[in-house]
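What follows is each chain in one-letter form.
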Amino acid sequence: MVRRVVVALLAPVNWAPPGIDPTRWRSALAEDVVDLLATLNEAETAVAVTPEDRWLADAVVWPGTAVHEVPKATVDAVFAALTGYDQAAVVVADAPDVPGLTLGKLLRPLSSRPVAVAPVEGSGTGLLGVAARLPVPAWLPALDLDTAAPAEVRAAAPRPGDVAVTAGWRRLRGPADLASLDPAFEGWEATRALLSGQPG
């Protein structure tokens with residue numbers, strides 16, 4: 001049986017809505033993403049943090065959730081920290097309303113391709129996440145989830161078809177992304193509570 005893991009990379013967040021404490025904003029985003037991962041089927045879940053951000057992992061993880069401390073908050077550092085898995089996906093922690101189905105689609109192509117990437121929709125560059133068969137192919141470049149593009153990953157592959165591009169989703173990195181949140185959409189409770197001024 002194939003052993004899969006989806007890891008939320010709790011990297012620093014570079015933007016917070018005006019009037020909201022950046023630390024509380026980062027915590028709310030991370031909590032919602034971790035809660036979402038807990039609902040996934042057919043994959044284990046984990047978080048990755050640098051040692052100085054261990055407090056955030058401890059604040060948001062569910063009991064029994066694996067926490068990987070990595071020397072830097074990067075995709076390659078997370079992949080290097082994983083052992084015992086056949087496939088892994090690393091996803092951002094600033095997409096609190098991403099559907100679980102979207103994350104599931106990130107792993108699906110790995111049955112026939114070594115790497116899959118999910119782009120960011122809306123404003124800004126970057127990726128929602130990247131998945132790979134383990135051990136990671138030697139040609140996969142070090143990826144910055146804030147700036148990398150699917151074309152960059154495909155250009156590094158021996159064949160462009162080695163990299164699947166799956167469904168994307170928005171990340172909350174600016175006012176335009178915030179405005180695109182759908183109040184009727186399920187999930188993102190911690191982020192919703194913080195935005196509505198409820199105590200949290």
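Above: the structure in question.
In this numbering scheme, every chain counts its residues from 1 along its sequence in written order. Selection of residues for local features in this predicted model requires a pLDDT of at least 70, selection of side-chain atom pairs for listing and counting requires 80 or more, and totals for whole chains, interfaces and linings are taken over all residues. As a rule here, side-chain values cover all heavy atoms of the structure and leave hydrogens and water aside.

Some details on empty space enclosed by the protein
We apply this condition: A cavity here means a set of 1 Å grid points, computed over protein atoms only, where a 1.4 Å probe fits but cannot escape. A pocket is an open set with protein on both sides within 12 Å along at least 5 of 7 lines, and lining residues have an atom within 4 Å of a point. Grid points are joined across faces, edges and corners, and a volume is the space filled by probe spheres set on the points. Only DSSP runs of H or I reaching four residues or more are called helices, and only runs of E reaching two or more are called strands; each is numbered from the N terminus. Polar here means any residue outside two lists: the nonpolar Ala, Val, Leu, Ile, Met, Phe, Trp, Tyr, Cys and Pro, and the charged Asp, Glu, Lys and Arg; Gly therefore counts as polar.
Evaluated as defined, the whole model comprises 1 cavity of 30 Å³ or more. Estimates place the volume of the largest cavity at around 30 Å³. Secondary structure elements with two or more residues in the lining of the largest cavity: α1 (22-37) and β2 (44-49). When grouped by side-chain class, the residues that make up the lining of the largest cavity number 6 nonpolar, 2 polar and no charged.

Observations regarding the packing of aromatic side chains
Rules: Any Phe, Tyr or Trp ring, taking Trp's six-membered ring, that has another such ring centre within 6.5 Å forms a pair; planes under 30 degrees apart are called stacked, those over 60 apart edge-to-face, and the others tilted. Partly exposed residues are those whose accessible area sits between 20% and 50% of the maximum for their type, while under 20% is buried and over 50% is exposed, using a 1.4 Å probe and protein chains only. Geometrically, a charge over a ring is one whose NZ (Lys) or CZ (Arg) sits within 6 Å of the ring centre while staying within 35 degrees of the ring normal.
Under the counting rule described, the total for this entry stands at 2 aromatic pairs. Geometrically, the ring pair formed by tryptophan 15 and tryptophan 25 is edge-to-face, given 6.1 Å between the ring centres and 90 degrees between the ring planes. Taken together, the residues tryptophan 15 in the loop between β1 (4-9) and α1 and tryptophan 25 in helix α1 connect sequence positions 10 residues apart. The class for tryptophan 25 is buried, based on a relative accessible area of 0%. Relative to phenylalanine 185, the ring of tryptophan 169 lies with its centre 5.8 Å away and its plane at 35 degrees, an arrangement referred to as tilted. One end of the pair, tryptophan 169, is in the loop between β7 (163-165) and α6 (175-179); the other, phenylalanine 185, is in the loop between α6 and α7 (189-195), and 16 residues separate them in sequence. For tryptophan 169, a relative accessible area of 15% puts it in the buried group. Judged by relative accessible area, which is 29%, phenylalanine 185 ranks as partly exposed. Above the plane of the ring of tyrosine 85 lies arginine 3, whose end atom (NZ or CZ) is 4.3 Å from the centre. One residue, arginine 192, lies across the ring of tryptophan 188, its end atom 4.1 Å from the ring centre.

Description of the pattern of salt bridges
This is how the line gets drawn: Between Lys or Arg on one side and Asp or Glu on the other, a salt bridge is scored when a side-chain nitrogen of the former is within 4 Å of a carboxyl oxygen of the latter.
Enumeration over the complete set of coordinates arrives at 9 salt bridges. A salt bridge links aspartate 94 to arginine 171; the nearest nitrogen and oxygen atoms lie 2.7 Å apart. Of the two residues, aspartate 94 sits in the loop between β4 (87-92) and α4 (100-107) while arginine 171 sits in the loop between β7 and α6, which places them 77 residues apart along the sequence. Considered together, aspartate 94 and arginine 171 belong to a single accessibility category, that of buried residues.

Describing the pairing of β4
For clarity, the threshold we go by: In short, DSSP must find at least two bridges between two strands for them to pair.
When you tally the buried positions in β4, you get 6 out of 6 residues, the bulk of the element. Both faces of β4 are covered, namely the face carrying Gln87, Ala89 and Val91 and the face carrying Ala88, Val90 and Val92. With 6 bridges connecting them, β1 and β4 associate as parallel partners. In the sheet register, alanine 8 faces β4, and the bridge partner there is valine 91. Across 5 bridges, the pairing between β4 and strand β6 (residues 127-133) is antiparallel. The partner of alanine 88 across the bridge, within β6, is alanine 132.

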